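So you can see what is in the structure, the chains are spelled out below.
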Amino acid sequence: MVYLTRKIEFSASHLYHNPAFSAEENRRVFGKCNNPHGHNYVLEVTVAGEPDPTTGMVLDLKELKEILQCEVTDRMDHRFLNYEVPELAGQIPTCENIAAVIWNLLEPKIKRGHLHRVRLYETPDLFVDCYGESNGAGGAR
Amino acid sequence: MKLHLTRRYRFAASHRLHSDTLGEAENWRVYGKCNNPYGHGHNYVVEVAMSGPVDPSTGMIANLTDLDAFVEREVIEPFDHTYLNEDVPEFRSRVPTSENLCLEIFRRLRTFPHATLERVRLEETGLNSFEYAGEPGGSTK
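Being a predicted model, the structure only gives us computed values, none of them experimental.

Student: Got a sec to walk through the overall build of chain A? Specific residues and values, please.
Tutor: Within chain A, the regular secondary structure consists of 4 helices and 5 strands. Each helix (α) and strand (β) of chain A, taken in turn from the N terminus, gives the series β-α-β-α-β-α-α-β-β. Over its C-alpha atoms, taken along the principal directions, chain A stretches across nearly 60 × 30 × 25 Å. Relative to its full complement of 141 residues, chain A shows a buried share of 32%.

Put into structure tokens, the structure is as follows:
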């Protein structure tokens, strides 16, 4: 099995706010994240598979690049995630929830090999890894 | 789908690699300049990976305020700007290699009450890193 990783960046804004909480509760639970603010997100997408004997590729990187452009960049780059990304409607757009949405968008689109891991950096010091149930978390890092 | 939340922390500390069970010449042969009697230091980076269900009311595996406070209390405050061999009781009888430091950090962080500790990755320098994810079945060394 070979693991191939492609990295992209997108910039987006968000705020953490639960309408079921009072203003004080939102402030207490979410702190500064209760204010609208933004990040330069870095996304690493890892696809696992065997290289095709003819092309030597797990999948064509051009194809992966187009999938990432269409599913992630076009949806999320320079957007306010709470209001402009329908897949996040009704959810707090934390790194956990955004990574899970990205996993669900990409997983059915990867036709060669299979999606192994989605790693989303909110900052260089905070990231979330998303794995499928069958992949386990113990594979390539 | 499985999610791991990872946060990076930093501390600076000094240490000396020296085993009381080895003679002077043997210590020098095994540890080289790391056996310098006056010790030396590093800027350590610790990556802490946590897993658990995402709380739908917050969108989070763990509130970073809780995680940061816990890591600060258990690791950063006791380790930062210390001489590990003398200032951290566990290293009075154990060589403070980065392997042992990684195990000790894992041991200290596994009691975090709000999520499950998956992995500790310790960078001693930008070129060396060490990882520990516990033993199969959830025990630790």
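Student: So what's going on with unusual backbone geometry? Residues and values would help.
Tutor: The backbone of A:His78 sits at a positive phi, close to 55 degrees, despite the residue not being glycine. Residue placement: A:His78 occurs in the loop between helix 2 (61-76) and strand 3 (79-80). By the C-beta count within 10 Å, which is 11 here, A:His78 ends up exposed. Backbone geometry places B:His81, a non-glycine residue, at a positive phi of 55 degrees.

Student: Describe in detail the pairing of strand 1 (residues 2-14) of chain A, supporting the description with residues and values.
Tutor: Residues and elements named next belong to chain A. As judged from the 13 bridges shared by strand 1 and strand 2 (residues 37-49), these two strands associate in the antiparallel manner. Each bridged residue has a counterpart across the sheet, and for Ser 13 the counterpart in strand 2 is Gly 38. Of the pairings in the sheet, the one linking strand 1 to strand 3 comprises 2 bridges and is parallel in character. Among the inter-strand pairings, Ala 12 is bridged to a residue of strand 3, identified as Arg 79.

Scoring rules and cut-offs
- Residues numbered from 1 in each chain as written.
- Chains lettered and ligands numbered in written order.
- Predicted model: local features only at pLDDT ≥ 70, side-chain atom pairs only at ≥ 80, totals over all residues.
- Helix = DSSP H or I, 4+ residues; strand = E, 2+ residues; numbered from the N terminus.
- Buried ≥ 20, exposed ≤ 12 C-beta atoms within 10 Å, placed from the backbone.
- Pairing = 2+ DSSP bridges.

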